[in-house]
Amino acid sequence: MTVRVLTTTAAGLGLGLSWGIAARVWMRLISTEPEFSWTGTVGILMLTGLSGLVLGLLCGVRRTGRSRWWRVLAVLCLPMFASPGMIFFPAFLLGGLLYLPHLWARLLGLVGIALSQVGLWVTTREDPVSPWVLHGGFLILSLTLAAGAAELYRPRSGEAAVAHEELAVDPLTAR
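Procedures and definitions
Residues numbered from 1 in each chain as written. Predicted model: local features only at pLDDT ≥ 70, side-chain atom pairs only at ≥ 80, totals over all residues. Heavy atoms only, no water. Patch = residues over 30% accessible without salt bridge, like charges linked within 9 Å, V, L, I, M, F, W, Y side chains within 5 Å. Areas by Shrake-Rupley, 256 points an atom, 1.4 Å probe, with all protein chains shown as cover. Salt bridge = Lys/Arg side-chain N within 4 Å of Asp/Glu carboxyl O. Helix = DSSP H or I, 4+ residues; strand = E, 2+ residues; numbered from the N terminus. Core = buried A, V, L, I, M, F, W, Y, C linked by side-chain atoms within 4.5 Å. Buried < 20%, exposed > 50% of the residue type's maximum accessible area, 1.4 Å probe, protein only. Contact = heavy atoms within 4.5 Å. Phe/Tyr/Trp six-rings, centres within 6.5 Å; stacked < 30°, edge-to-face > 60°. Lys NZ or Arg CZ within 6 Å of the ring centre and 35° of its normal. Axes fitted to C-alpha atoms, helices over the stretch in contact; angles between N-to-C directions. Left-handed = near helix turned anticlockwise from the far one by under 90°. Nonpolar A, V, L, I, M, F, W, Y, C, P; charged D, E, K, R; others polar. Expected span 1.5 Å × (residues − 1). pLDDT = per-residue confidence, 0-100.

Draft legend 1. Fine view of a nonpolar patch on the surface. A cluster of nonpolar residues, Leu13, Leu17, Leu50, Leu53 and Leu76, forms a patch on the protein surface that exposes about 340 Å² of accessible area. Sorting the residues of the nonpolar patch by element identifies α1 (3-30) and α2 (38-63) as the ones contributing at least two each.

Have a look at this one:
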């Protein structure tokens, strides 16, 4: 692995852990009976750290112009959406499109963020929690999650992709 891939992987791990900490703080703020266990907190941080690590790795391999097949590793991010985390899944799956330059992609990304917000509203409309904290915090978490998931949709790096194609055509003439 190159230094670039290792760097982006480490950064992804750090950002995933940071997202997990922010999500846990948000959960504490919206909880009416805040009883959290260390086991649950460590579990959340492990899952978000793994997801961040995978997305960081995907960013690194994309920038080096490697095959798109690496994106299959994104399957390792799915356990993060088990149980209550399922509400974030539309933001992860479609929200990443929000950060692409095409209008259709941005609209589909907005649909993913909106579906997550609607899911939250349906499941919490009876809760006596401040809607600003509940929906505002969720929106921030959804948008940052979607920013990480955008790595699944970005094309390979321009220069690296051209070099990769040249090697595929004639490895003897490419330098």
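Draft legend 2. View of the nonpolar core. Within the largest apolar cluster, 25 residues are counted, with the highest numbers of intra-cluster contacts made by Trp19, Trp26, Leu58, Phe88, Phe92 and Leu145. Every element with two or more residues in this core is listed here: α1, α2 and α5 (131-149). Dropping the residues within four chain positions of it, Leu145 is found in contact with Trp19, Met80, Phe81, Phe88 and Phe92.

Draft legend 3. Seen up close, the environment of Ser51. Inspection of the secondary structure puts Ser51 in helix α2. Residue classification places Ser51 among the buried positions, given a relative accessible area of 5%. Between the C-alpha atom of Ser51 and that of Cys77, which follows or precedes it by 26 residues, the distance is 4.7 Å. Leave out the neighbours within four places in its chain, and Ser51 touches Cys77 and Met80.

Draft legend 4. Expanded view of the packing of aromatic side chains. A full pass over the atoms with the stated rule returns six aromatic pairs. Judged by centre distance (5.8 Å) and plane angle (45°), the ring pair of Trp26 and Phe138 falls under tilted. Residue Trp26 is located in helix α1, and its partner Phe138 is located in helix α5; the two are separated by 112 residues in the primary sequence. Here the two residues Trp26 and Phe138 agree in accessibility, since each one is buried. On the basis of an interplanar angle of 45° and a centroid distance of 4.9 Å, the ring pair of Phe81 and Phe92 is categorised as tilted. Separated by eleven residues along the polypeptide, Phe81 in the loop between α2 and α3 (89-93) and Phe92 in helix α3 bring together distant segments of the chain. An aromatic cluster of three or more residues is present, and its members are Trp19, Trp26, Phe88 and Phe138. Sitting above the plane of the Trp121 ring, Arg125 keeps its charged end 5.4 Å from the centroid.

Draft legend 5. Inspection of the side chain of Arg24 at higher detail. With respect to the helices and strands, Arg24 occurs in helix α1. Arg24 sits in the buried class, given a relative accessible area of 14%. Leave out the neighbours within four places in its chain, and Arg24 touches Phe36, Ser37, Gly40, Thr41 and Ile44.

Draft legend 6. Just the packing of α1 against α2, in detail. For the pair α1 and α2, the least separation of the axes is 6 Å and the interaxial angle reads 145°. Here α1 runs over α2; the crossing is right-handed. The residue inventory of the contact of α1 with α2, partitioned by class, reads twelve nonpolar, twelve polar and three charged.

Draft legend 7. Representation of α1. Under the 1.5 Å per step criterion, the end-to-end length of α1 is 40 Å for 28 residues, consistent within 8% with the ideal 40 Å. Those residues of α1 that sit buried are Val5, Thr8, Thr9, Gly12, Gly16, Trp19, Gly20, Ala23, Arg24, Trp26 and Ile30. Residues of α1 that are buried sit in contact with α2, α4 (103-124) and α5.

Draft legend 8. Summary view of the confidence of the model for the protein chain. Across the protein chain, the average pLDDT comes to 86, with 89% of residues at 70 or higher. When the elements of the protein chain are averaged for pLDDT, helix α6 (residues 158-169) gives the smallest value, 49, and α3 the largest, 95. Low pLDDT, under 50, characterises residues 170-175; the stretch is placed with three contacts to residues that sit more than four places away or in other chains.

Draft legend 9. Spatial organisation of the pattern of salt bridges. In this structure the tally under the stated criterion is two salt bridges. With a shortest N-O distance of 2.3 Å, Glu151 and Arg62 are connected by a salt bridge. Placement of Glu151 in the loop between α5 and α6 and of Arg62 in helix α2 is noted, with a sequence separation of 89 residues between them. Each member of the pair, Glu151 as well as Arg62, carries the same accessibility label: buried. Glu151 is the partner of Arg154 in a salt bridge, and the nearest nitrogen-oxygen pair spans 3.3 Å. Salt bridges sharing partners connect three or more residues here, namely Arg62, Glu151 and Arg154.

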